[in-house]
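Examining the three-dimensional arrangement
Here's the letter readout for the chains.
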Amino acid sequence: AQTVTQSQPEMSVQEAETVTLSCTYDTSESNYYLFWYKQPPSRQMILVIRQEAYKQQNATENRFSVNFQKAAKSFSLKISDSQLGDTAMYFCAFQTGTASKLTFGTGTRLQVTL
Amino acid sequence: GAGVSQSPSNKVTEKGKDVELRCDPISGHTALYWYRQSLGQGLEFLIYFQGNSAPDKSGLPSDRFSAERTGGSVSTLTIQRTQQEDSAVYLCASSLDGGRNQPQHFGDGTRLSIL
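All chains use their own residue numbering, which begins from 1 and follows the written sequence. The order in which chains are written sets their letters, starting at A; the order in which ligands are written sets their numbers, starting at 1. Local features in a predicted model are, by the rule used here, given only for residues with pLDDT of at least 70; side-chain atom pairs are given and counted only at 80 or more, and totals for whole chains, interfaces and linings are based on all residues. Note that water and hydrogens are dropped before the side-chain values are worked out from all heavy atoms of the structure.

**Description of the interface of chain A and chain B**
Reports of interface size often rely on the accessible area that becomes lost once the parts have come together. Applicable threshold: Contacts were defined at the residue level, with two residues in contact if any of their heavy atoms lie within 4.5 Å. When two parts are put together, the accessible area they lose, computed with a 1.4 Å probe and summed over both, is reported as buried area. Whenever Lys or Arg places a side-chain nitrogen within 4 Å of a carboxyl oxygen from Asp or Glu, that contact is recorded as a salt bridge. Throughout this description, a polar contact denotes any pair of N or O atoms lying within 3.5 Å of each other; where both atoms belong to protein, one of them has to be capable of donating a hydrogen while the other can accept it, and for residues adjacent in sequence the pair is counted only when both atoms sit in side chains. A helix here means a DSSP run of H or I that spans at least four residues, while a strand means a run of E at least two residues long, and both kinds are numbered starting from the N terminus. Each residue gets one label: Ala, Val, Leu, Ile, Met, Phe, Trp, Tyr, Cys and Pro are nonpolar, Asp, Glu, Lys and Arg are charged, and the others, such as Gly, are polar.
Tallying the contact residues gives 21 residues for chain A and 26 residues for chain B. With both chains or domains summed, chain A and chain B bury close to 1,800 Å², and 48% of this area falls on carbon and sulfur atoms. It is Arg43, Ser100 and Lys101 of chain A that lose the most area in chain A upon contact with chain B, and together they represent 34% of the buried surface on that side. In this assembly, chain A and chain B are joined by zero salt bridges. Linking chain A with chain B are nine residue pairs in polar contact (both at pLDDT 80 or more), by the criterion used here. Every element with two or more residues in the side of chain A that touches chain B is listed here: β5 (32–39), β6 (46–52) and β10 (88–96) of chain A. Each residue belonging to the side of chain A that touches chain B can be placed in one class, and the counts come to eight nonpolar, ten polar and three charged.

See below:
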């Protein structure tokens, strides 16, 4: 079974600063996908960024980038130039190459302050 | 709207009652997922529908939980004889065809409270 661990329940960052959220996972699969989702107070889960395990290049989406370390089974999210609208719960998720369901971590609550 | 629609937004019911939660996926999406988010927890997979294939029910926590998807579109999640531990936010997601390169789009969820 796959597991996803987010060891930081809460984090805080000042506006315009950079913050990194950690995620580790455990799997015996070689083909899989990793995701970061954002959940603001509205409850809707919003896809932030995704990474395919067979790609060595780290994914980037504007101010969001990942540090994917396959050997270490680590998938951290870096948010640059943090904005107040980035305040939300952030969930790391894992998807195998053979099953469509997502396995989620327990989330990190990020607070962006002035 | 163009997104995944869930109803009701909130549901409060007494222990022992049955509840039905509805999900209307994005038009044209053949894959539909139900997840449960308990307080302070991540999302827990419940069930997955893909086209006319038999659903993946491996995440349903007990036989009190069931789901159906009629006509390949709208889905209903039913919880019978509700218990207090069923209190959670139930999220529905859809994707184009269930492929691994297709992102899952989530609705706003139904917050279920069992008294």
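Once the structure has been displayed, the description carries forward.
**Considering the state of the cysteines**
Residues and elements named next belong to chain B. Note the threshold: Note on terminology: disulfide denotes any pair of cysteine sulfur atoms within 2.5 Å. To sort residues, take the accessible area from a 1.4 Å probe on protein chains only and compare it with the maximum for the residue type: under 20% means buried, over 50% means exposed, and anything in between is partly exposed.
All told, the structure shown has two disulfides over all chains when counted by the stated rule. There is a disulfide in this structure between Cys23 and Cys92, and the S-S distance comes to 1.8 Å. With the S-S dihedral at roughly -65°, the linkage between Cys23 and Cys92 falls on the left-handed side. Placement of the pair is Cys23 in strand β3 (residues 19–24) and Cys92 in strand β8 (residues 88–95), with a sequence separation of 69 residues. We note that Cys23, like Cys92, is buried.

**Some details on the packing of aromatic side chains**
Under the convention used in this document: Only Phe, Tyr and Trp rings are paired, with Trp represented by its six-membered ring, and only when their centres lie within 6.5 Å; those with planes under 30 degrees apart are stacked, over 60 edge-to-face, the remainder tilted.
Overall, the coordinates contain 15 aromatic pairs over all chains when judged by the stated rule. Ring geometry for Tyr37 of chain A versus Phe104 of chain A: centroids 6.0 Å apart, planes at 55°, classification tilted. Remark: Phe104 of chain A occurs in strand β11 (residues 103–104) and Tyr37 of chain A occurs in strand β5; sequence separation between them is 67 residues. Taken as a pair, Tyr37 of chain A and Phe104 of chain A share a single burial class, namely buried. Measuring from centroid to centroid gives 6.3 Å for Phe104 of chain A and Phe106 of chain B, while their planes differ by 75°, and the two rings are edge-to-face. Here Phe104 of chain A, found in strand β11, pairs with Phe106 of chain B, found in strand β9 (residues 105–106), and the two come from separate chains. The exposure classification of Phe104 of chain A matches that of Phe106 of chain B, with both residues buried. An aromatic cluster is present here, built from Phe35, Tyr37, Phe91 and Phe104 of chain A together with Tyr33, Tyr35, Phe45, Tyr48 and Phe106 of chain B joined pairwise through their rings.

**Some points on the nonpolar core**
All names here are of chain A. Here is the rule: Think of a nonpolar core as a cluster: buried Ala, Val, Leu, Ile, Met, Phe, Trp, Tyr and Cys residues, connected wherever their side-chain atoms sit within 4.5 Å.
Residues Tyr25, Trp36, Phe75, Leu77 and Tyr90 are the most contacted members of the largest nonpolar core, which totals 25 residues. Counting residues per element, the ones that place at least two in this core are β3 (19–21), β5, β6, β8 (64–69), β9 (74–79), β10 and β12 (108–113). Per element, the largest residue contribution to this core is four residues, and it comes from β10.

**Describing the layout of surface pockets**
The following threshold applies: Using only the protein atoms, space was sampled on a 1 Å grid; points where a 1.4 Å probe fits but cannot get out form cavities, open sets with protein on both sides within 12 Å along at least five of seven lines form pockets, and lining residues are those with an atom within 4 Å of a point. Grid points are joined across faces, edges and corners, and a volume is the space filled by probe spheres set on the points.
Roughly 500 Å³ of volume is contained in the largest pocket. Lining the largest pocket are 25 residues, and of these Gln39, Met89 and Arg109 of chain A together with Gln37 and Leu39 of chain B sit closest to its centre. For the lining of the largest pocket, the secondary-structure elements that each account for two or more residues are β10 and β12 of chain A together with β8 and β10 (110–114) of chain B. Its residues placed into classes, the lining of the largest pocket shows eleven nonpolar, ten polar and four charged.

**What about the side chain of Ser94 of chain B?**
Residue and element names in this part refer to chain B. Mapped onto the elements, Ser94 comes out in strand β8. For Ser94, a relative accessible area of 0% puts it in the buried group. Within polar-contact distance, the side chain of Ser94 engages the backbone nitrogen of Ile26 at 3.4 Å. Looking at Ser94, its side chain comes within polar contact range of the side chain of His29, at 2.8 Å. Those residues in contact with Ser94 that lie beyond four places of it in its chain are Val4, Pro25, Ile26, His29, Ala31, Leu32, Tyr33, Pro103, Gln104 and His105.

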